[in-house]
Amino acid sequence: MPDAKLPLTLMLFLPFASSAATALMPAGARNLVAWLAGLTALAVFGLGLWAAPEIYAGTVLRAQYAWLPEYGLNFSIRLDGFAWAFAMIVSGIGALVVLYARYYMSPDDSAPRFFAFLLGFMGAMLGVVISGNLIQLVFFWELTSLFSFLLIAYWHHKDAARDGARMALTVTAAGGLSLFAGMLIIGHIVGSYELDVVLSSGRTIVDHAMYPAALALVAFGALTKSAQFPFHFWLPRAMTAPTPVSAYLHSATMVKAGVFLLARMWPVMAASDYWFWVFTPVGAATLLIGAFLAMFQQDLKGLLAYSTISHLGLIVLLLGLGSPLAAVAAIFHMINHATFKASLFMAAGIIDHEAGTRDIRQLGGLYRAMPITATLAMAAAAAMAGVPLLNGFLSKEMFFAETIESHVDSAFDHTLPYLATLAGMFSVAYSLRLIDQVFFGPEATDLPRKPHDPAIWMLAPAALLALMCLLVGVLPTWTISGFLSAAVFGVLGALTPEYSLAVWHGLTPALLMSVVALGGGTLTYLGLKDYLSGAVEGPPLLRRLSGKRLFERAIAMLSWRWARVLEELLGTNRLQSQLRALVVIMVLAGCWPLLAGAGFSPAAALASVGVWLGNTWLSPRWLTSSAPMVGMFDPALLLVWAVGVACAVGAAWQAKYHRLVALILMGGSGLATSITFVWYSAPDLALTQLLVEIVTVVLILLGLRWMPRRDELIPDDQLTSARLRRLRDLFIAIAAGCGVAALAFAVLTSEQTATIGDEMIRRAHPEGGGHNVVNVILVDFRGFDTLGEITVLGAVAITVFALLRRFRPARDSFAAPDQKRFQTEYDSTRYAPGKDPINAHYMLVQGVIIRLLFPVICAMAAFLFMRGHDLPGGGFIGGLTFAIAFILQYIAGGARWVEDRLVVLPVRWIGAGILLAAATGLGALLFGRPFLTTAFRYVELPLFGKTPMASALSFDLGVFALVFGATVLMLIAIAHQSIRVYRTMEKASVREKAAARSRGDV
Amino acid sequence: MSMTILTWSLMAAQFMLAIAMVCACLRMFRGPRAQDRVLAMDSLYLNGMGLMLVFGIVSGSTLYFEAALVIALLGFVSTVALAKFLMRGEAIE
């Protein structure tokens, strides 16, 4: 066996790679993306051809990569005959569909988007068929649902497309979830998720007690995907997709995934009566209902969709029978159906494209206008109806023969041949109707466009498929038999039965059934012809049985009514109640172990507090010792703390009516905190705290501008209930605060032997190359966390920016602040107009100082950043400092003044920061080290001297850029609101004046 | 002897700076005008900076001077922003 690893991997990932490449191409590059997509499909097809000799010899090609080996999960690709046959169908029809779509899609549609989705789907579908691992299979299965969703909603400006896409996704993704659970059970039963192990497990699954559960879950997944009754309703709705998508996904490939899976699991799950009783009735019902409804569709694609449902039902029925010969027939029909139905969809698309409508009632007599299309469609429709000498006849006759055989002895089993013949009749009737009413009869006169045969390349794919129908039908042994036997052997292996592909089997009951179906179908059509040509929409009997309506009702119930009820019960829009609930839960969670756990006594806790107080506060050491020791209490720190506590309490006290006072007081408590950090040797934290404090003050000030005015006379405020509420909140706050303090106290005073902190300090320099442990932890040891955090920070900043673009201030904060108005009025009497008031008068002195300080602060930012690895500083601190330098300019000069002179692109800084940090991490991979491994050494730099150059420095530079970008973006976005509001006000006043003037004129 | 003088004077300096902070804090609380509070906060920051410097001298480490430097260079930013807010109603216009 040749080494199959590379070809198999290429086969799976080539479509995804092309998809990504296609998505990045310009919207106008239609030919380029079509070539790329077509060549990709052909390349996969070529890889399949390369593997053909091996596959025909019965070999199974495998490729495996370690994925999560510790959980026994590998990423494995497994190509046996069955998977190979499907891969050939997916890539072969894929190539034809690409060619077709190139001519079908109008120049107004975005070709890169379409082909990117199509290629993505191709990759996902290949993933489903050639996965060698159950979990992996489910993953790709869900991916096909997703791409199907995107493709159905390709014309997303249409309501029907969006609804159809959502319905398809809901149904198939729910099935995927169920399938996932089923696969987990199977993996549990077998003990491995590897398909090889599962397929060689014999009767293990069937004999296991959990078999019914696994069967039910897998069945739900497969039946929803293959649009089986009663989950069939999503498929007709999916016909809002562009026709190439319908031809590819919703007839040839994706809907086959369900029956593919059933065939795949057939050898290990079918040997049970449960299997028969689940799939045979569902398949029979779908076969009949689908064929019946197809007869009454007025939309060409709707007819084909219901016919697809019916044919899928036929395949499910065959697989449900549980006999190897029936499985052969099922596999054969999967292949045949893919060819003739894709061809028919393409023909339907051509008709829609050229005639401008798909309504069968409007169409007629098209044979004269488009003879080639008509011939192709007739061949394919005949195959669909099961006319001899076409491929559909062969598999249908195998199907008829199988229904006659007895499988599970029951009345249902005995009626199967009659049901099959009836469905065959319907199938003949709708095929006949399709041909007769579209291509023959009186010529349509009121068509939106004048029909004619399309470009040769649009016809070619349909022609090739129709030709295959014919060739397979006439010469089955020469054309399809090798392909089919490879596929059958892939499923059945040693169980493969003897079967014959001859066109003529003699006068068998199956032939009789075919004849009855053909004759009966023709009669049925003739009988119904007048009814169908009328204006009636939908079938006579089953019009009320609408799965769609049930589905919509269920969705409305789930996502609207119940969700509303739950929201009313549990939700609130008020921040206060949310916060209250959060804090109360936190307090309860904190109390839980204390109250529930044994051995806690309040007395002991109080005693330990007492001992600690005696040892520290009350001991006279700080008075007697000759030099105050670092880390001990001394009176100065005590006073600072008193200030900090007073400020904090005051800020909380004043927060309601005196926001500015509260803000100033908060600054005081921040300073106290930062001095405390200095006192206890945490200069890094002190720096961070100070800078954050400064930025916070500016941020809140910017926000205060838009807050409603102070109003101390809120009527309800003095009621007893309001007082009680505040009292309760006070109590909760005190409880929470004391609890946190007690926890911190307990942690700080407990004896610790070896902490993670010591470990970090020990390893910071030898392993991270830095003396500043905090920085080494941030950019090296826990670099991955930091990467996540800065990504979140960037996302938050961009969200704030996006939200503020739609910001509408409250009416009473709309106008310019009073101060500004008075001053502007006063200024207008004193100064010549036209001068920028900010820089001319108010901020003249400060503005000069601040502008002079700009380079100084930037230098300080660079300094803090560069020294960060060894001494206090780093990317975060540096970035904040740099941001403050810019914000100062905004404060001094006003947004317009600054933006006339400086180009700040915060969003680019954010992007560059994330990319740089991630690229640094990835850089380690180039040297074969894990993600984010740091390299460091000392470099002699001019001016700087000996500088530590760790690769963490470049990571830190990313942090720097991102923090700068995020801070500036958020603050400036708020600051811009005032400019914007004045601009809209000016516009509004101009408009009002104009309106007044026009009224005056009248 | 000179060491003792230094030690005690440093302690005294610390103590007095802390007292100054308490005074500034009182002014922050009492106001009466917003401008008084802003000025009080500014002087609170300056005293805090002094405290950090003295602490650096006490502990004999220059590591804490950065924090003092940050206050010296950037501590006025909040003051300017608050002043601008009081004067114009908007911190950035």
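Only a predicted model underlies this, so the values are computations on that prediction, with no experimental measurement involved.

A. Inspection of the overall build of chain A at higher detail. Looking only at helices and strands, chain A has 40 helices and four strands in total. Across chain A, contacts joining residues at least 24 apart in sequence account for 78% of those joining residues at least 6 apart.

B. Just the overall build of chain B, in detail. From N to C terminus, chain B includes four helices and zero strands. When the helices and strands of chain B are placed in sequence order, the string is α-α-α-α. Residues classed as buried in chain B amount to 48% of the 93 residues present.

C. Looking closely at the UniProt feature "transmembrane region" (unreviewed entry) in chain B. All names here are of chain B. UniProt marks residues 6-26, 38-58 and 64-87 with the feature "transmembrane region" (unreviewed entry), using the numbering shown here. Helix makes up 100% of residues 6-26 and strand 0%, with an end-to-end C-alpha separation of 30 Å. Secondary structure content for residues 38-58 is 100% helix and 0% strand, while the C-alpha to C-alpha distance between its ends is 30 Å.

D. Main features of unusual backbone geometry. Residues and elements named next belong to chain A. Residue Pro230 follows Phe229 across a cis peptide bond; omega there is 5°. One non-glycine residue, Ala227, lies in positive phi territory at about 55°. Position of Ala227 relative to the elements: it lies in the loop between α9 (211-225) and α10 (234-237). A tally of 28 C-beta atoms within 10 Å means that Ala227 is categorised as buried. A positive phi angle is found at Leu389, which is not glycine, with a value near 75°.

E. Fine view of the nonpolar core. In terms of nonpolar packing, the biggest core is built from 222 residues, with Leu151, Ile152, Ala263, Leu319, Ala330, Ile331 and Ala380 of chain A touching the most fellow members. In terms of residue count, the dominant contributor to this core is helix α15 (residues 324-355) of chain A (20 residues). The contacts of Ile331 of chain A, once residues within four sequence positions are left out, are Ala263, Leu484, Ala487, Val488 and Val491 of chain A. Leu702, Phe876 and Leu962 of chain A together with Val77 of chain B belong to the second largest nonpolar core, which has 115 residues in total.

F. How the structure looks around the interface of chain A and chain B. Contacts between the two partners involve 53 residues from chain A and, on the opposite side, 46 residues from chain B. Contributing elements (two or more residues each) for the side of chain A that touches chain B: α27 (635-654), α28 (659-679), α29 (683-704), α34 (818-830), α35 (837-842), α36 (844-866), α37 (875-893) and α40 (951-1001) of chain A. For the side of chain A that touches chain B, the element with the most residues is α28 of chain A, which contributes eleven residues. In the side of chain A that touches chain B, the residues fall into 41 nonpolar, nine polar and three charged.

G. Structural detail: the packing of helix α2 (residues 30-56) of chain A against helix α4 (residues 111-130) of chain A. Residues and elements named next belong to chain A. Remark: α2 packs on α4, axes separated minimally by 9 Å, with the N-to-C direction vectors making an angle of 10°. Between α2 and α4, the angle falls in the class roughly parallel. Residues Arg30, Val33, Ala34, Ala37, Thr40, Ala41 and Val44 of α2 form the contact with α4, whose own contacting residues are Ala111, Pro112, Phe115, Leu118, Leu119, Met122 and Leu126. A per-class count over the contact of α2 with α4 returns twelve nonpolar, one polar and one charged.

H. A look at the pairing of strand β1 (residues 61-68) of chain A. All names here are of chain A. With seven bridges joining them, β1 and strand β2 (residues 73-79) adopt antiparallel strand pairing. Residue pairing across strands places Ala63 opposite Ile77, the latter belonging to β2. Adjacent in sequence and paired antiparallel, β1 and β2 are bridged by four residues, among which Gly72 carries a positive phi angle near 70°.

I. View of helix α6 (residues 159-190) of chain A. With 32 residues, α6 of chain A should cover 46 Å at 1.5 Å per step; its first-to-last C-alpha distance of 46 Å lies within 8% of that length. With its phi angle positive at about 95°, Gly191 of chain A sits one or two positions after the end of α6 of chain A.

J. Quick peek at helix α39 (residues 906-926) of chain A. Spanning 21 residues, α39 of chain A covers 30 Å between terminal C-alpha atoms, matching the ideal 30 Å at 1.5 Å per step. Listed as buried for α39 of chain A are Pro906, Trp909, Ile910, Gly913, Ile914, Ala917, Thr920 and Gly921 of chain A.

K. View of the environment of Ile972 of chain A. All names here are of chain A. Within the fold, Ile972 resides in helix α40. Taking the C-alpha atoms as reference points, Ile972 and Tyr890, separated by 82 residues in sequence, lie 8.4 Å from one another. Residue contacts for Ile972: discarding those within four places in its chain leaves Tyr890 and Pro906.

L. Layout of the confidence of the model for chain B. Residues and elements named next belong to chain B. Mean pLDDT over chain B stands at 88; residues scoring 70 or higher make up 99%. Across chain B, element-level confidence peaks in helix α2 (residues 34-59) with a mean pLDDT of 91 and bottoms out in helix α3 (residues 65-74) with 87. In the predicted complex, the global pTM is 0.68; the interface-specific ipTM is 0.95.

M. Region of interest: the confidence of the model for chain A. Mean pLDDT over chain A stands at 84; residues scoring 70 or higher make up 90%. Contacts from residues 620-631 of chain A, a stretch scored under 50 in pLDDT, to residues over four places away or in other chains number 13 contacts.

N. Main features of the packing of α15 of chain A against helix α17 (residues 391-404) of chain A. Residue and element names in this part refer to chain A. Their axes nearest at 9 Å, the elements α15 and α17 cross at an angle of 155°. Viewed along their axes, α15 and α17 adopt a mutual orientation that is roughly antiparallel. When you trace α15 past α17, the crossing you get is left-handed. The residues of α17 that touch α15, namely those facing Leu325, Ala326, Ala329, Phe332, His333, Asn336, Thr339 and Phe340, are Asn391, Gly392, Leu394, Ser395, Met398, Phe399 and Glu402. Within the contact of α15 with α17, the residues separate by chemical class into eight nonpolar, six polar and one charged.

The rules behind the values
- Residues numbered from 1 in each chain as written.
- Chains lettered and ligands numbered in written order.
- Predicted model: local features only at pLDDT ≥ 70, side-chain atom pairs only at ≥ 80, totals over all residues.
- Helix = DSSP H or I, 4+ residues; strand = E, 2+ residues; numbered from the N terminus.
- Contact = placed C-beta atoms within 7 Å.
- Buried ≥ 20, exposed ≤ 12 C-beta atoms within 10 Å, placed from the backbone.
- UniProt positions renumbered as here; feature names shortened; annotations may be inferred.
- Core = buried A, V, L, I, M, F, W, Y, C linked by C-beta atoms within 7 Å.
- Nonpolar A, V, L, I, M, F, W, Y, C, P; charged D, E, K, R; others polar.
- Axes fitted to C-alpha atoms, helices over the stretch in contact; angles between N-to-C directions.
- Parallel < 35°, antiparallel > 145°, perpendicular 65-115°, else oblique.
- Pairing = 2+ DSSP bridges.
- Expected span 1.5 Å × (residues − 1).
- pLDDT = per-residue confidence, 0-100.
- Left-handed = near helix turned anticlockwise from the far one by under 90°.

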